[in-house]
Amino acid sequence: MEKMKVLAEWTYTPAPIERGYTRKTLYVNVGEPRMEIKDVSQDMIDTFTGGRGFDLKLLWDAVKDTTKWNDPENEIVLSGGPLCGITQYPGAGKCYAAFISPLSGQTYDSNSGGYWGPLSKFSGFDAVEIQGKAERDIILFINGDEGKIQILESNLKDLNAYAVTETLHEYFAVDEADKRNISVISTGKAAETSYYGCMNMSFYDTRRKVARLKQAGRGGGGTIMRDKKIAAMVVKFSKMGGNLNNVVDLDTLQKVGVKLHKEIHDLDDVQCKMRKVGTAHLNEIMDEYHLLPTNNYKFGQNPAEIAKIHSAVYERLFTQGMPDGCWYGCSMSCAKAVDGFTVQTGPCKGEKVTVDGPEYETVAALGSNIGVYDPLWTIEANFYADHYGMDTISLGTAIAFVCECYELGLINRNDTNGLDLKFGNKDDIMELIHRMAAGKDEFASMVAKGIRYMKKAFAEKFKADARTMEAIGMEGQGVETSEYVPKESIAQWGGYYLTLKGPQHDEAWLIFMDMVNKQLPTFEDKAEALHYFPNFRTWFSLVGLCKLPWNDVEPANNRIVNEPREAAKVPEHVQNYVDIFNAVTGKGIRKEDIITMSEKVYNFQRVFQVRMKQGEAFHNIPLRALGPVFPDEWEARREYYDGKLREIGIDPSGLSTEEKIKKLQEYRLGMWEGLKMAVYKRRGWNKKGIPTLETLKRLGIDYPDVVAVVEKYSKPEDNFE
Amino acid sequence: MITVNGEPLDWKPGMTVQDVLDAKRYTFRMIGVWINDRPVPKNEFTTTEVPDGAVVQAVHMVSGG
Ligand code: SF4
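The shown structure was predicted, so the numbers you read here are calculated from the model rather than taken from an experiment.

**Some remarks on the overall build of chain B**
(1) Moving on: Each helix and strand counted, chain B has one helix and five strands in total.
(2) Moving on: Reading chain B from its N terminus to its C terminus gives the helix and strand order β-β-α-β-β-β.
(3) Moving on: Dimensions of chain B, computed from the C-alpha atoms along their principal axes, are close to 40 × 25 × 20 Å.
(4) Moving on: Among the 65 residues that make up chain B, the fraction classed as buried is 48%.
(5) Moving on: Considering only contacts within chain B whose residues lie at least 6 apart along the sequence, 56% involve residues at least 24 apart.
(6) Moving on: Entry remark: accessible area of chain B is about 3,200 Å², with carbon and sulfur atoms responsible for 51%.
(7) Moving on: Here chain B carries 6 positive and 8 negative side-chain charges, and the mean point of each set is 8 Å from the other.

See the structure below:
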């Protein structure tokens, strides 16, 4: 590739890292252009810890109450956190991104593997903040080796992810070995029209000799990249070492790490098999428990087809025996890939490629949920979603909605510009995906903007029935639901739809605890779980860790030494986290402090949502998430659902299926309201879901501007007694 | 009769923990079982008999995501 023109350049002295922090953040305005290095105060560390906490604090200061996703002041903020970049404990390379989302109009946080998080910290920055809009396509380059920041004029011919990433690893490396010292954030052409554009964060796989892509997929970060005319962001740092975080107690860090490595080595094959199939080990399990979304979440299983997408099939497709960690030292090694895959359609037709994934979510989103049970097709759809820069989850859930609208006759072949979008019609669905990237087809562009947008557009343009679409459109707060059927777990209604940012499973996954184990019988029990787990999991995002090594492997004696409810928290691993956090930072936290550290950020983010939505940050749930909407859903599990009516004192005999559905819906809507109030109360919020002043004070986040938002939108009558 | 996660299940003489899991179609690999609050090691699921009247908890460890 020809040398790229330098549009702006600044030099800096990379700050040394002490106890996991550089205490500096980088601000770049790609529009002006301008660069600034900001100090991180002790108060910022104490309150926001790092990672997503730093992202949100910087974003709060950068935007106005009225900022929309495509305003120049919206930012993409990226941060790993104090533990990010350690190599001794598995899963310590995560990077967290935050921004005002095009889907929801409020903050969204999304995480990714790959090397961006660690390399940007080693280059001197606890966080990187990107603001402004460039006039033409640019590449932001952080050169941590030379202490240089550059904005380059992009001369990339193909803006799709695999092409961008491969080209830039080549361009910025001095030789093959140097490619591993680079990480590229890319998106793709579809992100120019889609609201769920993803950010792909790379690492170079030295064995395969290809750049691998991990995704901060959700929420539309890629969309904002393209709105800012950023073709890619690149970081380079070559002086990799084992203690670049300059930790306080390397010995403890190593000991705790070795313990978990051994556990994974000894137990993974008999537990989740993450090293062989990654999260795709869940495929048949979710089907067995009626949790695998099938035809837009209508059903939770498909016994006739599940064998085709069984994890054993994916185990054969994934290349085995490779160290598939998405950061150094992750022996959980679940970043599986399909090598030598020959693309069958579209612009890359005939090429042999390495495809990252698919993970469970993608198997369901671009598989069962759209009626497709062909792993090779799903792998191709996964490839193109990443390449074109679209979140596989939103893409699959949005297409599932389209297929159901099509089969219900709410839209027709004329509306879809000739595509026959029935569930399972693979060829036309693939064509739809290609059209989304091309950006010229009006219908495809509507699909690319997500379910909330489609509900309105289909009603206006095609006169589709709005009530039906409200019932079956699986979105919350504007964000598509991820890939678990939540209908039969009241706690999971909250795990999805009482979240900060919309129905994504990274806050709380309570289906087994609630629906199967029956460990959460009362609203108070569910509310407690919806307090503990979201806060516990928030902590990973503050420090730079991956969630998976927490509970996708567990010590052999976990279920012997702990009583059932405690065992679900995997107490030994929680202690590991306390130990490694203290070993890195020297802080001396206790187990309980994990929750308090998270609560500060969790509540701050909730106030942030209230601020961006002018007090109207409501939690919505579609009827489909609460139970059956149509008779065929009920009839598929008639005995089960009739039993559910009997449990609440309603005799189903003599009732038509429609009447039964109506009665169950009425009951469950009441339960939803009950759950919502119990959860708000437990979290220290008022009846409108706004954190109270007492909560802000208890957590020490009663900063004047935060208090002002709460005071502006809280009314006395909304307080709990 | 025994209860499994709070629901009744017919008891049969000689019924093992594994039989209970099979009857409930609990196929998840990460399951912990407690009989009357006593944990049963996983490698003893096929040999441990469940007494009549037992309260069985078959706890699926949180996963997913
Ligand atoms: S557990 Fe998997 S996703 Fe998490 S850091 Fe390791 S390889 Fe990456």
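**Considering the packing of aromatic side chains**
Both the distance between ring centres and the angle between the ring planes are used here to describe each pair of aromatic rings.
All names here are of chain A.
(1) Moving on: Inspection of the entire model under this criterion finds 47 aromatic pairs over all chains.
(2) Moving on: Summarising the aromatic geometry, the rings of F536 and F540 are spaced 5.4 Å apart at their centres and angled 80 degrees between planes, so their arrangement reads as edge-to-face. Highlighted residues: F536 and F540, both in helix α19 (residues 523-543), separated by four residues, approximately one helical turn.
(3) Moving on: Its relative accessible area of 1% is what places F536 among the buried residues.
(4) Moving on: Put simply, the rings of Y89, Y532, F533, F536, W539, F540, W550, Y577 and F581 pair up and form one aromatic cluster.
(5) Moving on: Above the plane of the ring of Y532 lies K569, whose end atom (NZ or CZ) is 4.2 Å from the centre.
(6) Moving on: Lying across the ring of W60, R611 places its NZ or CZ 4.5 Å from the centre.

**Regarding the interface of chain B and chain A**
(1) Moving on: Opposite the 24 residues of chain B that make contact, chain A presents 33 residues.
(2) Moving on: Interface area, chain B with chain A, both sides summed: about 2,600 Å², of which 57% is carbon and sulfur.
(3) Moving on: Between chain B and chain A we count two salt bridges in total.
(4) Moving on: For the salt bridge of R25 of chain B with E288 of chain A, the shortest nitrogen-to-oxygen distance reads 2.6 Å.
(5) Moving on: Summed over the shared surface of chain B and chain A, the number is nine residue pairs in polar contact (both at pLDDT 80 or more).
(6) Moving on: Tallied by class, residues from the side of chain B that touches chain A come to 12 nonpolar, eight polar and four charged.

**So, the side chain of T499 of chain A**
(1) Moving on: Along the polypeptide, T499 of chain A turns up in the loop between α17 (490-497) and α18 (511-516).
(2) Moving on: If we skip the residues at most four places from it in the chain, T499 of chain A touches Q477, G494, Q504, E507, Y602 and H619 of chain A.

**What to know about helix α28 (residues 657-683) of chain A**
(1) Moving on: The end-to-end C-alpha distance of α28 of chain A, which contains 27 residues, comes to 38 Å, matching closely the 39 Å that a straight helix rising 1.5 Å per residue would cover.
(2) Moving on: Residue G684 of chain A follows α28 of chain A closely and has a positive phi angle near 80 degrees.

**Quick notes on the domain arrangement of chain A**
Interface size is commonly expressed as the accessible area that is lost once the parts come together.
All names here are of chain A.
(1) Moving on: Split by domain assignment, chain A resolves into domain 1 (5-236), domain 2 (272-480) and domain 3 (486-690).
(2) Moving on: Placing a centre on the C-alpha atoms of domain 1 and another on those of domain 3 gives a separation of 31 Å.
(3) Moving on: For the pair domain 1 and domain 3, the two sides together bury roughly 3,500 Å², of which 58% comes from carbon and sulfur.
(4) Moving on: Taken as a group, W60, L83 and Y89 account for 21% of the area that domain 1 buries against domain 3, more than any other trio of residues on that side.
(5) Moving on: On the surface where domain 1 and domain 3 come into contact, there are three salt bridges.
(6) Moving on: Across the salt bridge formed by D46 and K587, the nearest N and O atoms sit 3.3 Å from each other.
(7) Moving on: For the side of domain 1 that touches domain 3, the secondary-structure elements that each account for two or more residues are α1 (42-48), α2 (52-62), β5 (95-100) and β6 (107-112).
(8) Moving on: Counting residues per element, the side of domain 1 that touches domain 3 draws most heavily on α2, at six residues.

**Concerning the sheet that holds strand β12 (residues 210-216) of chain A**
Residues and elements named next belong to chain A.
(1) Moving on: Strand order across the open sheet formed by seven strands is β1-β9-β8-β13-β10-β11-β12, with mixed pairing between neighbours. Each edge of the sheet is formed by a strand with only one pairing partner; in this case those strands are β1 (6-11) and β12. Geometrically, the sheet is characterised by an average inter-axis angle of 20 degrees between neighbouring strands, direction not taken into account.
(2) Moving on: The sheet contact formed by strand β11 (residues 199-205) and β12 spans seven bridges and is antiparallel. Residue pairing for β12: F203 is matched across the bridge by R212.
(3) Moving on: Its contacts with the sheet place helix α4 (residues 161-172) against β8 (138-143), β9 (148-153), β10 (182-186), β11, β12 and β13 (230-236), and it is angled at close to 150 degrees to β10.

**What to know about the sheet that holds strand β1 (residues 2-4) of chain B**
All names here are of chain B.
(1) Moving on: Taken in spatial order, the five strands of this open sheet run β2-β1-β5-β3-β4, and their pairing is mixed. The open sheet has two free edges, formed respectively by β2 (7-9) and β4 (38-40), since each of these has just one partner strand. Across the sheet, the mean angle from the axis of one strand to that of its neighbour is 30 degrees, orientation sign disregarded.
(2) Moving on: Looking at chain direction, strand β3 (residues 31-35) and β4 are connected through three bridges and run antiparallel. Counterpart to I35 in the pairing with β4 is R38.

About the cut-offs
Residues numbered from 1 in each chain as written. Chains lettered and ligands numbered in written order. Predicted model: local features only at pLDDT ≥ 70, side-chain atom pairs only at ≥ 80, totals over all residues. Heavy atoms only, no water. Helix = DSSP H or I, 4+ residues; strand = E, 2+ residues; numbered from the N terminus. Buried < 20%, exposed > 50% of the residue type's maximum accessible area, 1.4 Å probe, protein only. Contact = heavy atoms within 4.5 Å. Areas by Shrake-Rupley, 256 points an atom, 1.4 Å probe, with all protein chains shown as cover. Lys, Arg positive; Asp, Glu negative; His and termini not counted. Charge placed at Lys NZ, Arg CZ, Asp CG, Glu CD. Phe/Tyr/Trp six-rings, centres within 6.5 Å; stacked < 30°, edge-to-face > 60°. Lys NZ or Arg CZ within 6 Å of the ring centre and 35° of its normal. Buried area = accessible area lost by both parts, 1.4 Å probe. Salt bridge = Lys/Arg side-chain N within 4 Å of Asp/Glu carboxyl O. Polar contact = N/O pair within 3.5 Å; in protein donor to acceptor, adjacent residues only side chain to side chain. Nonpolar A, V, L, I, M, F, W, Y, C, P; charged D, E, K, R; others polar. Expected span 1.5 Å × (residues − 1). Domains from an automatic or database assignment. Pairing = 2+ DSSP bridges. Axes fitted to C-alpha atoms, helices over the stretch in contact; angles between N-to-C directions.

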